Amino acid sequence: MANRTPLMAGNWKMNLDHQQAIQTVQKLAWALRDGKHDFGAVEVAVLPPFTDIRSVQTLVDADKLELKYGGQDCSAHVSGAYTGETSPVFLAKLGATYVAVGHSERRQYHAESDDLVNAKVKAALGAGLAPILCIGEDLETRRAAAHVQHTLLQLEGGLLDVSAEQVRKVVVAYEPVWAIGTGETATPEDAQEMAEAIRARLVELYDEETAQAVRVLYGGSVKSSNVASIMAKPDVDGALVGGASLDPEEFAAIARYKSHI
Ligand SMILES: O=C[C@H](O)COP(=O)(O)O
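Okay, so let's go over this structure. (Residues numbered from 1 in each chain as written. Predicted model: local features only at pLDDT ≥ 70, side-chain atom pairs only at ≥ 80, totals over all residues. Heavy atoms only, no water.)

Before going further, it helps to spend a moment on the pairing of strand E2 (residues 43–47). Within a regular strand, the side chains alternate between the two sheet faces. Among the five residues in E2, five count as buried, and that is most of the element. On E2, burial covers both faces: Glu 43, Ala 45 and Leu 47 on one face and Val 44 and Val 46 on the other are all buried. Sheet topology places strand E1 (residues 7–11) next to E2; five bridges connect them, and they run parallel. Across the sheet, Leu 7 pairs through a bridge with Glu 43, a residue of E2. A crossover connection joins E1 to the parallel E2 through helix H1 (residues 18–34); in handedness this β-α-β unit is right-handed. Relative to strand E3 (residues 68–71), E2 is paired through two bridges, and the arrangement is parallel. Its bridge partner being in E3, Ala 45 is matched across the sheet by Lys 68. With helix H2 (residues 50–62) bridging E2 and the parallel E3, this β-α-β connection has right-handed handedness. (Buried < 20%, exposed > 50% of the residue type's maximum accessible area, 1.4 Å probe, protein only. Helix = DSSP H or I, 4+ residues; strand = E, 2+ residues; numbered from the N terminus. Pairing = 2+ DSSP bridges. Right-handed = clockwise from strand over helix to strand, strands pointing away.)

Shown next, in the form of structure tokens:
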């Protein structure tokens, strides 16, 4: 297996204002420090609301934290008359490493298509950010046993015209919509089935070496109690954590999954 550094990314969604963000990041940093967390072994990132990012940057810089951070979305454009949008270039300027693109909540509530998601992936890469490309099926699609086909189509759509060199920087997050915020977790076998299928499609789209370099995360009701069994699967390289990332102790315990295997 390739040497992929696991990534635990906390997607705060529309939670925590900038003052709460500072407290949460401080507590997370303390919890990780107390647990002697090895950031070289497992990367940890938070994706706060846009209004928090400058505060998070200031704290990370001042305290020299190894924590990474990023946005939950970005514009497909660099600048211009796009009211309400946030440029990936502005995120990069704030020291962001990652940006989530095509999260199912964006696809559902903002009707984001694969074409738009693809444009955002390319804009993020152009700005020097690592896009976290979110893909995954809803319950109806899974019940129809069309989940693999559906998710791989989203993968291909999101990566259209993305080069082999660029895709190495992309993180793919498989999130079955039926497992998001519901307490329903896909089984480790479900996560592995899709992560393996994603990697196999990356081999077809690119080549074996490139596919082995891309990190594939699982997302959907990940907690400290279930993370280790999911991370034990060979093609799962981390987690995109929603609700549980709002609790710094719990998120730190997720990041330190190796200590409770
Ligand atoms: O981005 C994170 C996912 O939507 C998972 O959210 P959740 O951990 O609250 O289920």
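In terms of burial, strand E5 (residues 130–135) is a largely internal element, six of the six residues being buried. Residue alternation in E5 divides its side chains into two sets, Ala 130, Ile 132 and Cys 134 and Pro 131, Leu 133 and Ile 135, and both sets are buried. Sheet topology note: the strand E4 (residues 98–101)/E5 ladder contains four bridges and is parallel. Bridge pairing in E5 links Ala 100 to Ile 132. Where E5 and strand E6 (residues 171–174) come together, four bridges link them in parallel fashion. Residue pairing in the sheet places Ile 135 in a bridge with Tyr 174 of E6.

Once that is clear, we can look at the sheet that holds E5. In space, the eight strands of this closed barrel follow the order E1-E2-E3-E4-E5-E6-E7-E8, with parallel pairing throughout. Averaged over all neighbouring strand pairs, the angle between strand axes comes to 25 degrees, with direction disregarded. Strands E4 and E5 of the sheet are contacted by helix H5 (residues 114–126), whose axis makes an angle of about 160 degrees with E5. (Axes fitted to C-alpha atoms, helices over the stretch in contact; angles between N-to-C directions. Contact = heavy atoms within 4.5 Å.)

This brings us to the site of the ligand. For the ligand, the set of nearby residues contains 13 residues, the closest of which are Lys 13, Glu 175, Gly 181, Ser 221 and Gly 243. Between Lys 13 and the ligand, the recorded distance is 2.7 Å, taken from a side-chain N or O atom to an oxygen atom. A distance of 2.8 Å is found between an oxygen atom of the ligand and a backbone nitrogen or oxygen belonging to Ser 221. Surface burial for the ligand is 95%, taken as the share of its 310 Å² of free accessible area covered by protein chains. Among the residues forming the shell around the ligand, the class breakdown is four nonpolar, seven polar and two charged. (Near = heavy atom within 4 Å. Polar contact = N/O pair within 3.5 Å; in protein donor to acceptor, adjacent residues only side chain to side chain. Areas by Shrake-Rupley, 256 points an atom, 1.4 Å probe, with all protein chains shown as cover. Nonpolar A, V, L, I, M, F, W, Y, C, P; charged D, E, K, R; others polar.)

What follows is about the nonpolar core. Of all hydrophobic cores here, the largest spans 65 residues; its most connected members are Met 8, Leu 155, Leu 159, Ile 198 and Tyr 218. No other element matches the six residues that helix H9 (residues 188–205) contributes to this core. In this structure, Met 8 is in contact with Val 42, Glu 43, Val 44, Ala 45, Val 227, Met 231, Gly 238, Ala 239, Phe 251, Ile 254, Ala 255 and Tyr 257, ignoring residues within four places of it in sequence. If you look at the next biggest cluster of nonpolar residues, it comprises 13 residues, including Ala 130, Ile 132, Val 171 and Leu 240. (Core = buried A, V, L, I, M, F, W, Y, C linked by side-chain atoms within 4.5 Å.)

The next point concerns the environment of Asp 235. Here Asp 235 shows up in the loop between helix H11 (227–231) and strand E8 (238–241). By relative accessible area, Asp 235 is classed as buried at 12%. Once the C-alpha coordinates of Asp 235 and Glu 196 are considered, the two residues, 39 residues apart in sequence, prove to be 5.7 Å apart. Dropping the residues within four chain positions of it, Asp 235 is found in contact with Arg 4, Gln 192, Ala 195, Glu 196, Arg 199 and Val 216.

Don't take any of this as a statement about function, it's just geometry.
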